[in-house]
Amino acid sequence: MLFDDVDFSALTLPAEAQALRREVRTFLAAELASGRIVPHLGHAQFDREFSRRVGARGWIGMTWPRQFGGAERSYLERFVVTEEMLAVSAPCAAHWFGDRQTGPSLLRHGSEAQKRRFLPAIARGESPFALGMSEPGNGSDLASVRTRAVKVDGGWRVSGQKVWTSWAHLAEHFFCLCRTSPEEGDRHLGLSQLIVDLHATGVTVRPIRFMSGAHHFNEVFLDEVFVPDDMVLGEVGAGWRQVTSELALERSGPERFMTTFPLLIELVRRLGGTADRRARQVVGQLTARFHALRRMSLAIAFEFTRGASQRTMRDLGTEASLVKDLGTFYERDITEAARLLVDIEPRPDAEDTFERYLAECIYTTPVGTIRGGTTQVLRTIIARKLLGAAGSA
Amino acid sequence: MSEDDDIRSLLVDTAQRIFRDHCSQRTVEAAKRDGWSPELWEIVQQAQLPLVSIPEEKCGAGGSVSDLAAVLRVAGRHSAPLPLAETGLLAAWMLAASGLNVPPGPLAAAFQRTEGELRLEPVADSWRLSGELKRVPWASIASRLVVLVRGGDCDRVATVDPGRCTIARGVNLAWEPRDDVRFERIALRADEVVHAGRGVTIEAFYRRGALARALLMAGALDRALERSIEHARTRVQFGRAIGRFQAIQQEIARFGAEVAAAAAAALSAAGEVERGDGELAVACAKIRVGEAAATGSAIAHQIHAAIGVTEEFALHHSTLRLQAWRSEYGSETYWGERLGQRILDAGAERLWPLLTDSA
Ligand SMILES: Cc1cc2nc3c(=O)[nH]c(=O)nc-3n(C[C@H](O)[C@H](O)[C@H](O)COP(=O)(O)OP(=O)(O)OC[C@H]3O[C@@H](n4cnc5c(N)ncnc54)[C@H](O)[C@@H]3O)c2cc1C
């Protein structure tokens, strides 16, 4: 019922992926040692220069065709790059949306011209994208978007408001989900995805401050913004199908369970040779949970690699949702364990790395189980699929 | 209702009214920058709330520790940016119990943790204080700092003008002042240093500190639950209020249980401190309320989703305080070990009597 036909006993990364891992590690060690990057936990940081350097190595859009700036490497190699970045919390926000979401969407649904224009730039780390799905009235209920696009000569006029748009103040474009025909009957019809230039006339980006005072998400107001016809992604009216066809891979990657992992590393450093039995047991449990999560996530990446070569993909959507659900709670439990095992008063102005990471993780604890689909919505989907399977068996 | 109950409900009503009218979200937000709210302090002081539980002959407001406890819960509910617990439950308690009058104004309280941390030397007929105390709550805004200093023969209570100390400002997760205070050979008059009075010990100080945080957390949990219920009733997704979804109902129910347990544990501990040392009750309270704080703030944020993690929305005033207060005056780890050790030392035969003899 879950992971059917997946041979967990055969999960070993090919030699070229492990060779790549060493390359990435060396690169990151040099970035850290030189002070070019200073990791922060909780929210991936936005650093265009870092993204350019990663792009120059060929580590963005790695699985894409060469003609669009990709390297035609395997999903397993991409997996390795991603987990190495996460293990040190490298500042990947300027390229991650492109690498993980907008790039793959463009590959699947984009026109030749769009692919040629955006994909090589994303792969170079030079075209940061944001995602404009949520609105004040539409969170979990994505289909109730109110932002609307009206057909005009040569394009569309878009008006409405988006919220929680991460990095819209620094990105170049965003994918804007909007209604292109009036809601009648099935409300999932009549939605479209437009690629909107965030610097276009009529676009206003206002910061929304996170409760720690940090600025990473925004409100985006659209007032009669003109979007040319060639910036419609895929088909007009097929927005819903396009958005929800997000690949399982995108939901089950290491970014769903590794955002607090560097805190675990610092926790181990702090505890050192402790004689505390409970500390050893908790560290053991956290390690075991990571081990299993990573195996599940890897299995999905393996399936993609196999499927991509044989052009037959098993549906591992439920498994991917499970990985996200387990993963977001795992991230939270690392934070909780760290604060209970090392008895300090967490402070936002800490200088010590462990203490700073701990404070950053506490501030961002709530977000893992909210962004990209809440726990409740995710579990509803999982249960529906499992019960459906049991019912029909 | 007894006369005591009348006084208690009057106090709670007064506190509710003051905080509702004068402790707005803007007040709490401004305190992130200023450290506290002097305007609110004036009003609260006028109403004599800070010195409840301190005898009137020592310039206090009278009443019991349980009365003050009820006020602290209300203060926690409103995230009141004031050293209310430090003033009444800690500093004024030490002064009054040691025979000193309590000065007006916000007070900070601290105690010597380690042997070498402070040095209090007699010089002729006065004293000299040297050393450093880390993360003293509210030191930078207090008008007096009351310190419990260890001595070879006995512990002493010293009152110091913070203006004469070197203070490095620091904050907790909710930006409340937690400052490092250096005493550089500060001269203190004979009447500024006295023998610690009956019951004023480092153990008792720490217990009272933990009690204070448990009470404030119980209040913050009340507020987080109220906000979550309000949000569940009004936020509409998929054409209905999210409180209509069973997944949300289950979370609200779980949350309610945590809040109830927190109030029971914190308020009963106040009574036990009043009647005895309250060691067992305070340990249980700090542990249980800490757990409720962890579970409760997670549920509150989950129900609010994105809106709840913003600076604009007031939920974080409660939840970040819960996160900060959990670790102050001993986390669940600290009190868990201390309580567990005590139970194990006493042995199996003592467990049941220990749980039932005092209440
Ligand atoms: C840090 C962060 C970054 C984000 N970045 C982006 C971004 O870049 N672009 C973007 O478009 N969005 C972004 N989001 C928004 C995110 O996708 C939404 O927060 C999410 O979809 C939930 O919507 P909501 O916050 O409106 O919560 P709501 O949908 O209002 O949910 C409130 C509560 O109700 C529950 N609920 C809702 N429906 C049901 C149901 N049917 N059954 C049971 N329970 C239900 C939810 O689980 C939740 O507990 C971001 C959010 C965060 C926190």
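Residues numbered from 1 in each chain as written. Chains lettered and ligands numbered in written order. Predicted model: local features only at pLDDT ≥ 70, side-chain atom pairs only at ≥ 80, totals over all residues. Heavy atoms only, no water.

A.B. asks: Whenever I open this one, the overall build of chain B confuses me. Can you help?
C.D. replies: Each helix and strand in chain B was counted, giving 11 helices and 10 strands. For chain B, whose C-alpha radius of gyration is 21 Å, the value lies close to the compact-globule estimate of 21 Å for 359 residues. Principal-axis analysis of the C-alpha atoms gives chain B an extent of 80 × 55 × 40 Å. The buried share of chain B, taken over its 359 residues, is 59%. Residue pairs in contact within chain B that sit at least 24 positions apart in sequence constitute 72% of those at least 6 positions apart. Total accessible area computed for chain B in this model is approximately 14800 Å², and 51% of it derives from carbon and sulfur atoms. Counting 42 positive and 47 negative side-chain charges, chain B places the averaged centre of each group 4 Å from the other. (Helix = DSSP H or I, 4+ residues; strand = E, 2+ residues; numbered from the N terminus. Rg over C-alpha atoms; globule rule 2.2 N^0.38 Å. Buried < 20%, exposed > 50% of the residue type's maximum accessible area, 1.4 Å probe, protein only. Contact = heavy atoms within 4.5 Å. Areas by Shrake-Rupley, 256 points an atom, 1.4 Å probe, with all protein chains shown as cover. Lys, Arg positive; Asp, Glu negative; His and termini not counted. Charge placed at Lys NZ, Arg CZ, Asp CG, Glu CD.)

A.B. asks: Would you mind showing me how to read the site of the ligand here?
C.D. replies: In the vicinity of the ligand lie 26 residues, with Leu131(A), Ser140(A), Thr374(A), Arg235(B) and Gln302(B) positioned nearest. With respect to the ligand, the chains having nearby residues are chains A and B. The separation between an oxygen atom of the ligand and a polar side-chain atom of Arg235(B) is 2.6 Å. Between the ligand and Ala306(B), the relevant distance is 3.0 Å, taken from an oxygen atom to a main-chain nitrogen or oxygen of the residue. The protein chains hide 92% of the 970 Å² of surface that the ligand would expose on its own. For the shell around the ligand, the elements supplying multiple residues, two or more each, are helix H7 (246–275) and helix H8 (279–304) of chain B. Taken together, the residues that form the shell around the ligand break down as 14 nonpolar, 10 polar and two charged. (Near = heavy atom within 4 Å. Polar contact = N/O pair within 3.5 Å; in protein donor to acceptor, adjacent residues only side chain to side chain. Nonpolar A, V, L, I, M, F, W, Y, C, P; charged D, E, K, R; others polar.)

A.B. asks: Can you help me understand the nonpolar core in this one?
C.D. replies: Burial of nonpolar side chains together is a common tendency in soluble globular proteins. Membership of the largest hydrophobic core comes to 203 residues, with the highest contact counts inside it found for Met85(A) and Phe19(B). For this core, the element with the highest residue contribution is helix H6 (residues 202–234) of chain B, accounting for 17 residues. Among the nonpolar cores identified, the runner-up in size contains 21 residues, and Val136(B), Leu145(B), Ala158(B) and Leu188(B) belong to it. (Core = buried A, V, L, I, M, F, W, Y, C linked by side-chain atoms within 4.5 Å.)

A.B. asks: Whenever I open this one, H8(B) confuses me. Can you help?
C.D. replies: Residues separated by three or four positions in an α-helix point in the same direction, a consequence of the helix having 3.6 residues per turn. Taking 1.5 Å per residue as the helical rise, H8(B) with its 26 residues ought to reach 38 Å, and the 37 Å between its terminal C-alpha atoms agrees with that figure. Ala305(B), located one to two residues past H8(B), shows a positive phi value of around 55°. (Expected span 1.5 Å × (residues − 1).)

A.B. asks: Teacher, can you tell me more about the sheet that holds strand S2 (residues 118–123) of chain B here?
C.D. replies: The strands making up a sheet associate through hydrogen bonds between their backbones, and the pairing can be parallel or antiparallel. Residue and element names in this part refer to chain B. Read across the sheet, four strands follow the order S2-S3-S7-S6 without closing on themselves; strand pairing throughout is antiparallel. Each end of this open sheet is capped by a strand with a single partner; those strands are S2 and strand S6 (166–168). Sheet twist, expressed as the average angle between the axes of neighbouring strands with direction ignored, equals 10°. (Pairing = 2+ DSSP bridges. Axes fitted to C-alpha atoms, helices over the stretch in contact; angles between N-to-C directions.)

A.B. asks: So what exactly am I meant to see when it comes to the domain arrangement of chain B here?
C.D. replies: Often the size quoted for an interface is simply the accessible area lost on bringing the parts together. Residues and elements named next belong to chain B. Per the domain assignment, the segments making up chain B are domain 1 (3–195) and domain 2 (202–356). Look at where the C-alpha atoms of domain 1 and domain 2 centre, and you get two points 23 Å apart. Facing the 35 residues of domain 1 at the interface are 36 residues of domain 2. Taken together, both faces of the contact between domain 1 and domain 2 bury some 3200 Å²; the carbon and sulfur share is 61%. Of all residues in domain 1, Arg73, Arg77 and Phe111 give up the largest surface area on contact with domain 2, accounting jointly for 21% of the area buried on that side. Taken together, the links from domain 1 to domain 2 amount to five salt bridges. Across the pair Glu226 and Arg77 runs a salt bridge whose closest N-O atoms are separated by 2.8 Å. Here domain 1 and domain 2 share 12 residue pairs in polar contact (both at pLDDT 80 or more) between them. Mapped by element, the contributors of at least two residues to the side of domain 1 that touches domain 2 are helix H2 (25–34), helix H4 (65–77), helix H5 (84–97) and strand S1 (107–111). Broken down by element, the side of domain 1 that touches domain 2 gets its largest block of residues, eight residues, from H4. (Domains from an automatic or database assignment. Buried area = accessible area lost by both parts, 1.4 Å probe. Salt bridge = Lys/Arg side-chain N within 4 Å of Asp/Glu carboxyl O.)

A.B. asks: Before we go on, may I ask you to explain the interface of chain B and chain A in this structure?
C.D. replies: Contacts between chain B and chain A engage 38 residues on the former and 37 residues on the latter. Between chain B and chain A the total buried area reaches about 3100 Å² when both faces are included, carbon and sulfur atoms providing 54% of it. For chain B, the biggest contributors to the area lost against chain A are Leu173(B), Gln302(B) and Val309(B); these three give 20% of the whole. One salt bridge in this structure joins Glu336(A) and Arg326(B), with 2.6 Å as the shortest N-O distance. Across the chain B-chain A interface, the total number found is 18 residue pairs in polar contact (both at pLDDT 80 or more). Elements supplying a minimum of two residues to the side of chain B that touches chain A: strand S9 (236–237), H7, H8, helix H9 (315–327) and helix H10 (332–346) of chain B. By residue number, the principal contributor to the side of chain B that touches chain A is H9(B), which donates five residues. Partitioning the side of chain B that touches chain A into residue classes produces 16 nonpolar, 13 polar and nine charged.

A.B. asks: So what exactly am I meant to see when it comes to the domain arrangement of chain A here?
C.D. replies: Residues and elements named next belong to chain A. Domain assignment breaks chain A into domain 1 (9–128), domain 2 (132–237) and domain 3 (243–392). Taking only C-alpha atoms into account, the centre of domain 2 sits 30 Å from that of domain 3. Taking both sides of the interface into account, the surface hidden between domain 2 and domain 3 amounts to around 530 Å²; carbon and sulfur atoms contribute 83%. The largest share of the area that domain 2 buries against domain 3 comes from Ser140, Phe210 and Met211, three residues that together contribute 58% of it.

A.B. asks: Explanation requested: the environment of Ser89(A) in the structure shown.
C.D. replies: All names here are of chain A. The topology assignment puts Ser89 in the loop between helix H3 (75–87) and helix H4 (93–109). The spacing of Ser89 and Arg280 is 191 residues in sequence and 24 Å in space, taken between C-alpha atoms. Apart from the residues lying within four places of it in its own chain, the contact partners of Ser89 are Pro39, His40, Leu41 and Pro262.

A.B. asks: Just to check I follow, could you spell out the side chain of His316(B) for this structure?
C.D. replies: When you line up the elements, His316(B) lands in helix H9. Polar side-chain contacts of His316(B) include one of 2.8 Å to the backbone oxygen of Phe313(B). If near-sequence neighbours (up to four positions away) are discounted, His316(B) is found in contact with Met211(A), Glu29(B), Lys32(B), Gly308(B), Thr310(B), Glu311(B) and Arg321(B).

A.B. asks: Explain the pattern of salt bridges to me, please; I cannot follow it from the model alone.
C.D. replies: If the charged atoms of two oppositely charged side chains come close together, the side chains can form a pair. All names here are of chain B. Scanning the entire structure with this criterion turns up 61 salt bridges over all chains. Among the ionic pairs, Arg8 bridges to Asp67, the shortest N-O distance being 2.5 Å. Placement of Arg8 in helix H1 (residues 3–22) and of Asp67 in helix H4 is noted, with a sequence separation of 59 residues between them. Through salt bridges with shared partners, a single network forms among Glu86, Glu176, Arg178, Arg213, Arg321 and Glu328.

A.B. asks: Explain the sheet that holds S1(B) here, please?
C.D. replies: Residues and elements named next belong to chain B. Reading across the sheet, the four strands line up as S1-S4-S5-S8 and stay open at both edges, with mixed pairing between neighbours. Across the chains shown, the open sheet's two edge strands, defined by having one partner strand only, are S1 and strand S8 (193–195). Pairwise comparison of adjacent strand axes, ignoring direction, gives a mean angle of 20° for this sheet. Along the sheet face, H5 touches S1, strand S4 (144–149) and strand S5 (156–160) and points at about 65° away from the line of S1. Its contacts with the sheet place H6 against S1 and S4, and it is angled at close to 130° to S1.

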